[in-house]
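Spelled out from the first residue to the last, the chains are:
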Amino acid sequence: MIRIFEDMEALSLGAVELFVRRAGVAAGERGMFSAALSGGHTPRRTYELLALPPWRDQVPWERTAVFWSDERCVPAKDHRSNSRMAFETLLNHVPISPDRIHPIACDEDPDRGAEGYENLLRTHFSGLLRFDLIFLGLGENGHTASLFPQTTVLREEKRAAAPVRVQGEDFHRVTLTAPAINRAAAVVFLVSGRSKARVLREVIEGPRDTDRLPAQLIRPVEGELLWLVDRAAAAELKDIQDKEE
Ligand code: 6PG
């Protein structure tokens, strides 16, 4: 399902409302809401709004566990750190217990970081890995989380988390793998801006080419796939069948 919003602010509000709703349902039904946050610029406003009333007070923070879709393996204080961004915009401002926050610690050793994150996930989910909600972004080159074009992690079938090295970057990354993401109850892409219009069309309406467009790997097995996009990002979409404005 694709939902098109007027602009980034409306998109962010839509994402916040979805987070609040999913959190209430999961915490009510299963006693715990497990969410994975993404990095990038797009979700910033969503996190900022979530930290403000009235939304902040609508999330059962004491029954919420926060994870990440991926991390750049840099020190936690580095401005490129995905966890730093989420702490600054959201987690430092809401009543969530620190032991429910699970950043990917990989700045010293990406292999061990990925292993450690995988173990943490197995423990948290008692073997049955299933996020209630995963927020993802879309890169102009078709990547999502840290699933980049033409990388070996795209073929990963067993592991839930894996290290990644992207050409041209001076740091490693650790990412949830596509199979782990696809086990979620809901995967929500947040895509904003004209610069994403072409890749959004290719990912959604183009032929399947997952080596070039890893975001196409995301197809929840028994869950929902939602695209929250703004009008600028949706500019090149042709098929308006299942779009909701
Ligand atoms: C990362 C992200 C990445 C991001 C996209 C979109 O750590 O790099 O998790 O997958 O979501 O690159 O980023 P923007 O929102 O900045 O366009």
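Cut-offs used in this document
- The residue numbering used here restarts from 1 in each chain and proceeds along that chain's sequence as written.
- With pLDDT at 70 or above as the cut-off, local features in this predicted model cover only qualifying residues; side-chain atom pairs require 80 or more to be listed or tallied, and sums for whole chains, interfaces and linings still use all residues.
- Only hydrogens and water are set aside when side-chain values are computed; all heavy atoms of the structure are taken into account.
- Centres within 6.5 Å are what make two rings of Phe, Tyr or Trp a pair, Trp counting through its six-membered ring; a difference in plane orientation under 30 degrees is then read as stacked, over 60 as edge-to-face, and the rest as tilted.
- Helix numbers and strand numbers start at the N terminus; a helix is a DSSP run of H or I with at least 4 residues, a strand a run of E with at least 2.
- For each residue, the accessible area found with a 1.4 Å probe, counting protein chains only, is set against the maximum for its type, and the residue is called buried under 20%, exposed over 50%, and partly exposed in between.
- Throughout this document, a residue counts as near a molecule or strand when at least one of its heavy atoms sits within 4 Å of that molecule or strand.
- As used in this structure description, the phrase polar contact means that two N or O atoms lie within 3.5 Å; if the pair is within protein, one of them must be able to donate a hydrogen and the other to accept it, and residues adjacent in sequence are counted only when both atoms belong to side chains.
- Each accessible area is a Shrake-Rupley result for a 1.4 Å probe, and residues are judged covered by the shown protein chains and nothing else.
- Space inside and on the surface of the protein is sampled on a 1 Å grid over the protein atoms alone, with a cavity defined as a set of points where a 1.4 Å probe fits but cannot get out and a pocket as an open set with protein on both sides within 12 Å along at least 5 of 7 lines; lining residues have an atom within 4 Å of a point.
- In this scheme, a molecule is assigned to a cavity or pocket if more than half of its atoms are within 2 Å of the grid points.
- Charged means Asp, Glu, Lys or Arg here, nonpolar means Ala, Val, Leu, Ile, Met, Phe, Trp, Tyr, Cys or Pro, and polar covers whatever is left, Gly included.
- Two strands pair if DSSP finds at least two bridges between them.
- Seen with its strands pointing away from the viewer, a crossover is right-handed if its path from the first strand over the helix to the second goes clockwise.
- Angles shown run from 0 to 180 degrees and are taken between the N-to-C directions of axes, each axis being a line fitted to C-alpha atoms and, for helices, limited to the stretch in contact.
- Whether two residues touch is decided by their heavy atoms; if any such pair falls within 4.5 Å, the residues are in contact.
- Grid points are joined across faces, edges and corners, and a volume is the space filled by probe spheres set on the points.

Caption draft 1: Geometry of the packing of aromatic side chains. Using the criterion set out here, one finds nine aromatic pairs in the structure. When the ring of phenylalanine 19 is compared with that of phenylalanine 135, the centres are 6.1 Å apart and the planes differ by 25 degrees; the resulting orientation is stacked. Here phenylalanine 19 is found in helix α1 (residues 8-30), whereas its partner phenylalanine 135 is found in strand β5 (residues 133-136), with 116 residues between them in sequence. For phenylalanine 19, a relative accessible area of 1% gives the class buried. The interplanar angle of 25 degrees and the centroid separation of 6.4 Å between the aromatic rings of tryptophan 68 and phenylalanine 87 together place this pair among those described as stacked.

Caption draft 2: Quick peek at the site of the ligand. Taken together, 14 residues sit near the ligand, with His41, Thr42, His143, Ala145 and Lys196 positioned nearest. Here aspartate 70 contributes a side-chain N or O atom positioned 2.7 Å from an oxygen atom of the ligand. Here an oxygen atom of the ligand sits 2.7 Å away from a polar atom, N or O, in the side chain of histidine 143. Starting from 420 Å² of accessible surface for the ligand in isolation, the protein chains cover 90%. Judged by the proximity of its atoms to the pocket grid, the ligand belongs to the largest pocket. Broken down by class, the residue content of the shell around the ligand amounts to two nonpolar, eight polar and four charged.

Caption draft 3: Region of interest: the pairing of strand β3 (residues 64-68). The element β3 is extensively covered by neighbouring structure, given that five of its five residues are classed as buried. Taking every second residue as pointing to the same face, both faces of β3 are buried, with Thr64, Val66 and Trp68 on one and Ala65 and Phe67 on the other. One ladder, built from five bridges, connects strand β2 (residues 33-37) with β3; its direction is parallel. Looking across to β3, one finds that leucine 37 is bridged to tryptophan 68. For the crossover that starts at β2, traverses helix α2 (residues 44-50) and ends in the parallel β3, the hand is right-handed.

Caption draft 4: Local environment of the sheet that holds strand β7 (residues 172-176). Within the open sheet, the three strands sit side by side as β4-β7-β6. Their pairing is antiparallel. Two strands lie at the open edges of the sheet, namely β4 (70-72) and β6 (161-165), each paired on one side alone. Each strand of the sheet is rotated relative to its neighbour by a mean of 20 degrees, with strand direction disregarded. Where β4 meets β7, three bridges bridge the pair, whose relative direction is antiparallel. When the bridges of β7 are listed, aspartate 70 appears paired with threonine 175. Across the sheet, helix α4 (residues 110-124) is in contact with β6 and β7; its angle to β6 comes to roughly 155 degrees.

Caption draft 5: Region of interest: the layout of surface pockets. A volume near 570 Å³ is recorded for the largest pocket. Residue lining of the largest pocket: 27 residues in total, with Gly39, Gly40, His41, Arg72 and Asn82 positioned closest to the centre. Broken down by element, the lining of the largest pocket gets its largest block of residues, four residues, from helix α3 (residues 82-89). Class assignment of the residues belonging to the lining of the largest pocket gives a composition of six nonpolar, 13 polar and eight charged. In this structure, the second largest pocket spans a volume of roughly 220 Å³. Lining the second largest pocket are Arg30, Met32, Ser34, His124, Phe125, Ser126, Leu128, Arg130, Asp132 and Ala185.

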